[in-house]
Structures are given as structure tokens and as C-alpha cells.
Amino acid sequence: MKTGNESVKTDFILLGFFQYGRMDAVLFVAIAILFSVALMGNIILILLIQLDTRLHTPMYFLLSQLSFIDMMYISTTVPKMATNFLSNSKTITFLGCEIQAFVFLVLGGTEALLLGFMSYDRYVAICHPLRYPVLMSKKICWFMITCAWTSCSINSLIHTLYVFQLPFCRSRLINHFFCEVPSILPLVCQDTSQYEHTILLSGLIILLLPFMAILASYACVLTVVSQMSSGRGQTKAISTCSSHLTVASLFYVTTLSTYTRPHSLHSPEEDKIVAVFYTIITPLLNPFIYSLRNKEVIRALRRVCRLYK
């Protein structure tokens, strides 16, 4: 323990959604149900893609990666949050908070880049179908995934190590339901305005650039689709792209709202509500949007069910 007004490497307290324990039991049940559905949906989609050889394509390879990330993503925050609903002690150790913040940043950043790669996959498939086997080869897919994981891991490590070596004041109350960098900064005993510029830069590179790439890709896709003579082809292409764009928009808009705003404009209550969308709602919706709106996945599910009857 340091002398004066600072303390280091001590437990934090996560205040969660409510500070006075209201509706904790109801929230626990709701969160537990959402967590279970999201986990099962992503696990089933991963297994389905692995078991059905007809789904061994670049698009479904990227989709299986997305499901894996979402499964880990929701598991990083929700179990601790659900436990705190029924616990009198809502503490999290300094190391535990550091690990949670690091893993969350890695998974969130990787998902942001992966969604961009998935839009590129759809762009190549629709706009350059003859070159698709070359532009989306297995080697290129693995290169994309490796770059996403590596770059986001390095970025997350830098941010995490920097934030958690800063001097924290005596207050250990994190007004959030998990350890997220923007929610930890108010506890720091020194000016963080310069560091917030690096958060903004990271947010623009990892979040905004892929989002802009997605919008540009689908603008090209819609241009090509509008010139199609086949109404069935138009419907299929628009359906595929609209489902991806729906998930992407929900994820990017909410994360950009958190990571590109200056600290002075943050509201803890608003941040918690916004965080629910990219920590719980998006991982919950992803497997259903990509499966229920995809006839190939539905057919694969029927084949696997018949095979294992």
C-alpha cells in the first residue's frame, strides 16, 4: 500500500447495474437464460460447421471463428456479473480485473476485424465470383484470422499494462458490471486526457475502419445485385448481406459510442446499458441471424439430425 491518497494492487468492487441490490434475483435469472441460449447457439453452430463438409467453405470458416469469439466474449463478463447479483461481496481482485479487461479487449477487437473480413468475403463472392477461390483461399483465410488475433492481442496488452500501472485513488468502486478500460479511468489519480487520445486512435483503427469497409463493401454489393436479372439471386444476396449488416451495425455503433467518446461525456448508467448490447445481445443474436436466415445452415442441421438419429 502506498502512502497518501493512492493504493495499488487491491481488490475492486463492481457496482453492477444497480448499487443497492434492487431486482438482483430477477436480473440473475434473465442473464442466466440469455447466457445459456447464447452459449448453446454458438456451440451448435460451431459443431454444425465442423460436422457438415458442405459448410467447409471460407464463409463458414469465418463464421465458426465468430461463434467461437462470441462464446468466449460472453463468458468473459456474464458469469462474474451473474454471480455478483446473488453475492454480498461484489469484489474482483486486481489481477482478475486486469485479466478480464485484457481478454475482453482482445475478443472485442478481433470480432471487429473479423466482421470486416466477413464483409470482404461476401463482396468477393458476389462481385468477383470467378476469382473467389483465389482471393479467399484457405491460406488467405488463416492469414486474416492470424492478423486479427495477433494485432488485437498486442493492442490489448499495451492498453492493459498501461492502465493498470497507473496510480489508483482510494476509491475502488467501478461503476460498471465488468472491468472495462473506460470505466476504470475515473479511479485514476492523475490526468488521463492524453491517454484518452490513444484510446480514440485505437477505436478509430479497430472499430471505425472495418465498419467503413463493411459499408463500402455492401455499397458495391448492392450495385452489382441491382444489375442482376435474376430476382431469386437478388433476394439471396440481399438477405445474406442484410443479416451481416444488422449484426455489424449493432456491434460497431455501440462499441464506437463507448470507445470514441471523451471521458467527460461518459455517463456510467448509459455506458452500462450500451455495454449490454455488445457484451450480451450481439453474441446472442449472431448464431440465430446467421443460421435462421441461412438455408444452407438449416439444410445442414437437418442432415446432421438425420445422421445422428
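What you see is a predicted model; the values in this text were computed from it and never measured.

Quick notes on the rules
- Along each chain, residue indices are assigned from 1 in the same order as the chain's sequence is written.
- This being a predicted model, a pLDDT of at least 70 is required before a residue's local features are given, and a value of 80 or more before pairs of side-chain atoms are given or counted; all residues contribute to the totals for chains, interfaces and linings.
- To get the side-chain values, take all heavy atoms of the structure and skip hydrogens and water.
- By definition, any uninterrupted DSSP run of H or I lasting at least four residues is a helix, any uninterrupted run of E lasting at least two residues is a strand, and each is numbered from the N terminus.
- Here a helix's expected span is defined as the number of its residues, less one, multiplied by 1.5 Å.
- Each residue is placed in one exposure class: buried if its accessible area under a 1.4 Å probe, protein chains only, is under 20% of its type's maximum, exposed if it is over 50%, and partly exposed if it falls in between.
- In what follows, a contact means two residues having at least one pair of non-hydrogen atoms within 4.5 Å.
- Each axis is a line fitted through C-alpha atoms, and for a helix only the stretch in contact is used; angles between axes span 0 to 180 degrees, taken between their N-to-C directions.
- Here roughly perpendicular refers to angles of 65 to 115 degrees, roughly parallel to angles under 35, roughly antiparallel to angles over 145, and oblique to all remaining angles.
- Should the near helix be turned counterclockwise from the far one by less than a right angle, the crossing is left-handed, whereas a clockwise turn marks it as right-handed.
- Residues were grouped as follows: Ala, Val, Leu, Ile, Met, Phe, Trp, Tyr, Cys and Pro as nonpolar; Asp, Glu, Lys and Arg as charged; and all remaining residues, including Gly, as polar.
- Two strands qualify as a pair provided that DSSP identifies no fewer than 2 bridges between them.
- Points on a 1 Å grid over protein atoms alone make up a cavity when a 1.4 Å probe fits among them but cannot get out, and a pocket when they form an open set with protein on both sides within 12 Å along at least five of seven lines; lining residues each have an atom within 4 Å of a point.
- Grid points are joined across faces, edges and corners, and a volume is the space filled by probe spheres set on the points.
- Patches draw on residues past 30% relative accessible area with no salt bridge. Two like charges within 9 Å are joined, as are two nonpolar side chains (Val, Leu, Ile, Met, Phe, Trp, Tyr) within 5 Å.
- Accessibility throughout is a Shrake-Rupley quantity obtained with a 1.4 Å probe, and a residue counts as covered only by protein chains that appear here.
- Salt bridges are defined by distance alone: a side-chain nitrogen of Lys or Arg within 4 Å of a carboxyl oxygen of Asp or Glu.
- Counted as positive: Lys and Arg. Counted as negative: Asp and Glu, with His and the chain ends omitted from the count.
- Note that the charge is assigned to NZ on lysines, CZ on arginines, CG on aspartates and CD on glutamates.
- When two rings of Phe, Tyr or Trp (its six-membered ring) have centres within 6.5 Å they constitute a pair, described as stacked for plane angles under 30 degrees, edge-to-face for angles over 60, and tilted for the intermediate range.
- Pairs of N or O atoms are called polar contacts if they sit within 3.5 Å, as long as, within protein, a hydrogen donor faces a hydrogen acceptor (for residues adjacent in sequence, only side-chain-to-side-chain pairs).

J.: What should I look at first to understand helix α5 (residues 138-163) in this one?
T.: Each α-helix winds once per 3.6 residues, and so residues spaced three or four apart point in a common direction. Under the 1.5 Å per step criterion, the end-to-end length of α5 is 38 Å for 26 residues, consistent within 8% with the ideal 38 Å. Those residues of α5 that sit buried are C141, M144, I145, A148, C152, N155, S156, H159, T160 and V163. Buried residues belonging to α5 abut α2 (58-85), α3 (94-127), β4 (168-169), α6 (181-184) and α7 (193-226).

J.: Help me out: how do you make sense of the packing of α3 against α7 in this one?
T.: Helix packing for two helices is described by the angle between their axes and how far apart those axes are. Contact geometry for α3 and α7: axes closest at 9 Å, N-to-C directions at 15 degrees. Taken together, α3 and α7 sit at an angle that is classed as roughly parallel. Relative to α7, α3 is oriented so that their crossing is left-handed. Note on element contacts: α7 touches α3 through I206, L207, P210, A213, I214, S217, Y218, C220, V221, V224 and V225, opposite G109, A112, L113, L115, G116, S119, R122, Y123, I126 and C127. Here the residues of the contact of α3 with α7 sort into 16 nonpolar, 4 polar and 1 charged.

J.: Explain the sheet that holds strand β2 (residues 12-14) to me, please; I cannot follow it from the model alone.
T.: Strand pairing in a sheet relies on backbone hydrogen bonds, with the paired strands running either antiparallel or parallel. Across the sheet, 3 strands lie side by side as β3-β2-β5; this open sheet has mixed pairing. A single partner strand is all that each edge strand has here, and the edge strands are β3 (91-92) and β5 (173-174).

J.: Mind showing me how you'd approach the packing of α3 against α5 here?
T.: For the pair α3 and α5, the least separation of the axes is 8 Å and the interaxial angle reads 150 degrees. Here the hand of the crossing between α3 and α5 comes out right-handed. For the pair formed by α3 and α5, the contact residues are E98, A101, F102, L105, V106, L107, G109, T110, L113, L114, F117 and Y120 on the first element and M144, I145, A148, W149, S151, C152, S153, S156, L157, H159, T160 and L161 on the second. The class makeup of the residues in the contact of α3 with α5 is 16 nonpolar, 7 polar and 1 charged.

J.: Would you explain empty space enclosed by the protein in this entry?
T.: A water-sized probe, rolled over the atoms, reveals where empty space remains. Scanning the model with the defined rule gives 3 cavities of 30 Å³ or more in all. Counted as a void, the largest cavity has a volume near 250 Å³. Along the walls of the largest cavity sit 20 residues, with L105, G109, N155, L207 and Y259 positioned nearest its centre. Among the elements of the structure, α3, α5, α7 and α8 (231-259) are those that each provide at least two residues to the lining of the largest cavity.

J.: For this particular structure, what's the right way to read a positive patch on the surface?
T.: Taken together, the side chains of R54, K295, R299, R302 and R306 present a region of like positive charge at the surface. With respect to the element layout, R306 can be found in helix α10 (residues 295-307).

J.: I'm lost on the packing of aromatic side chains in this one. Help?
T.: Each aromatic ring pair is characterised by the separation of its centres together with the angle its planes make. Enumeration over the complete set of coordinates arrives at 14 aromatic pairs. For the pair F68 and W149, a centre-to-centre distance of 6.5 Å together with 55 degrees between the ring planes defines the contact as tilted. Placement of the pair is F68 in helix α2 and W149 in helix α5, with a sequence separation of 81 residues. Ring geometry for F104 versus F178: centroids 4.7 Å apart, planes at 55 degrees, classification tilted. A residue pair is termed long-range when its members are at least 10 positions apart, and F104 in helix α3 and F178 in the loop between β5 and α6 qualify at 74 residues. Take F104: its relative accessible area is 3%, and that puts it in the buried class. Looking at F178, the relative accessible area reads 0%, which means it is buried. Here a set of aromatic residues connected by ring pairs shows up, and it is made of Y73, F104, F177, F178 and Y278.

J.: Can you walk me through the side chain of N42 in this structure?
T.: Inspection of the secondary structure assignment puts N42 in helix α1 (residues 24-51). The buried category is assigned to N42, whose relative accessible area is 0%. There is a polar contact of 3.5 Å between the side chain of N42 and the side chain of S67.

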